[in-house]
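# Geometric and topological summary
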Amino acid sequence: MAIEVRIPTILRSYTGGAKVVDGTGDTLGDLLADLDSRHAGLRGRLVTEAGALHRFVNVYVNDEDVRFLGALDAKLSDGDSVTILPAVAGGAFGFAAAAAISQHAVAAR
Amino acid sequence: MLSIDRSIIDAIVAHARRDHPDEACGVVAGPVGSDTPTRHIPMDNAARSMTFYEFDSMEHLRVWREMDDRDEEPVVIYHSHTATEAYPSRTDVSFAGEPGAHYLLVSTREPDSEEIRSFRIVDGVVTEEPVRIVEAGVDPHAVQSYMFGQSPATVDYECSGR
């Protein structure tokens, strides 16, 4: 079962520069584990140590944000297209406060 | 150095002023590899905050796909600081995810003047660069964005409803 995964510029160091890679898995979590077996370190950029999707990484299955599909439990089918985009975020907000929001968002899932 | 058309800068400043005191954010796309920003895309600040900005995830996907289809890339990623200087905060640095982009900051803390500065942010390292503002009419794309930027009455900036 092949799923096409679109890799953003900032993570292409893990894929030998490839913009699109193929992977397999019944869920997004399985897919990331499969990708990590060939592109070591990629999963660690997307998933926290607590095992949740990072707050400031956007992952889409086809046209849907996976946050609305069960995050790492999102079901995948043959032929699906997964897109990874680092969130574009920032601002004058203090770092500690932003980190607290990020942690809160992770904990809330 | 960032070279950018005067009309695009004017449109970015207008966007930042319109959303003040909330932070405004957006992208200027350009042909892949050209390092030339030609198409101004104001984005919705999903955080709707005076001290934080975040692209809406669905708008982000749509705009990035559109750039892909047009062989464009995000040449400039901009946002405003509304009470502090136009310098990347630690938050900006920690979230900067497009190493090829010019990060343009506009400060609207002064009511009648703007501070506009540009930075590269790669692996957590901030490098300021000069901004060269090019007068309009130099290339046809710039003229297009001039029209776009100067016709706000007919453009849905997606934040006009607030």
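As shown above, the structure is provided for reference.
Below you will find a few notes about this structure. (Residues numbered from 1 in each chain as written. Chains lettered and ligands numbered in written order. Predicted model: local features only at pLDDT ≥ 70, side-chain atom pairs only at ≥ 80, totals over all residues. Heavy atoms only, no water.)

### A short note on the pattern of salt bridges
For clarity, the cut-off: For salt bridges, the criterion is a side-chain nitrogen of Lys or Arg within 4 Å of an Asp or Glu carboxyl oxygen. We count a stretch as a helix when DSSP gives it H or I for four or more residues in a row; a strand needs E for two or more, and each element gets its number in order from the N terminus. Exposure classes here rest on a 1.4 Å probe applied to the protein chains alone. A residue is buried below 20% of its type maximum, exposed above 50%, and partly exposed in between.
Enumeration according to the criterion identifies 19 salt bridges over all chains in this entry. A salt bridge links D68(B) to K19(A), with the shortest nitrogen-to-oxygen separation between them at 3.3 Å. Taken as a pair, D68(B) in helix α2 (residues 57-69) and K19(A) in the loop between β1 (3-6) and β2 (20-23) lie in two separate chains rather than in one. Owing to a relative accessible area of 30%, D68(B) belongs among the partly exposed residues under this scheme. Two residues, R117(B) and E85(B), come together in a salt bridge whose shortest N-O distance is 3.5 Å. Taken together, the positions of R117(B) in strand β7 (residues 115-122) and E85(B) in the loop between β5 (72-81) and α3 (90-95) put the pair 32 residues apart, joining distant regions of the chain. Under the relative-accessibility criterion, E85(B) is labelled partly exposed at 38%. Put simply, E4(A), R6(A), K19(A) and D68(B) are held in one network by salt bridges that share partners.

### What to know about the sheet that holds strand β3 (residues 57-61) of chain A
All names here are of chain A. Here is the rule: One requirement defines pairing of two strands: DSSP has to find at least two bridges between them. In what follows, residue pairs with any heavy atoms lying within 4.5 Å of each other are defined as contacts. Orientation is described by axes fitted as lines to C-alpha atoms, over the contacting stretch for helices, and by angles from 0 to 180 degrees between their N-to-C directions.
Overall, mixed pairing links the 5 strands, which are arranged β2-β1-β5-β3-β4 in an open sheet. The open sheet terminates on both sides in strands that have one partner only, identified here as β2 and β4 (64-65). Where β3 meets β4, 2 bridges bridge the pair, whose relative direction is antiparallel. Each bridged residue has a counterpart across the sheet, and for V61 the counterpart in β4 is E64. Strands β1, β2, β3 and β5 (81-86) of the sheet are contacted by helix α1 (residues 28-38), whose axis makes an angle of about 110° with β2.

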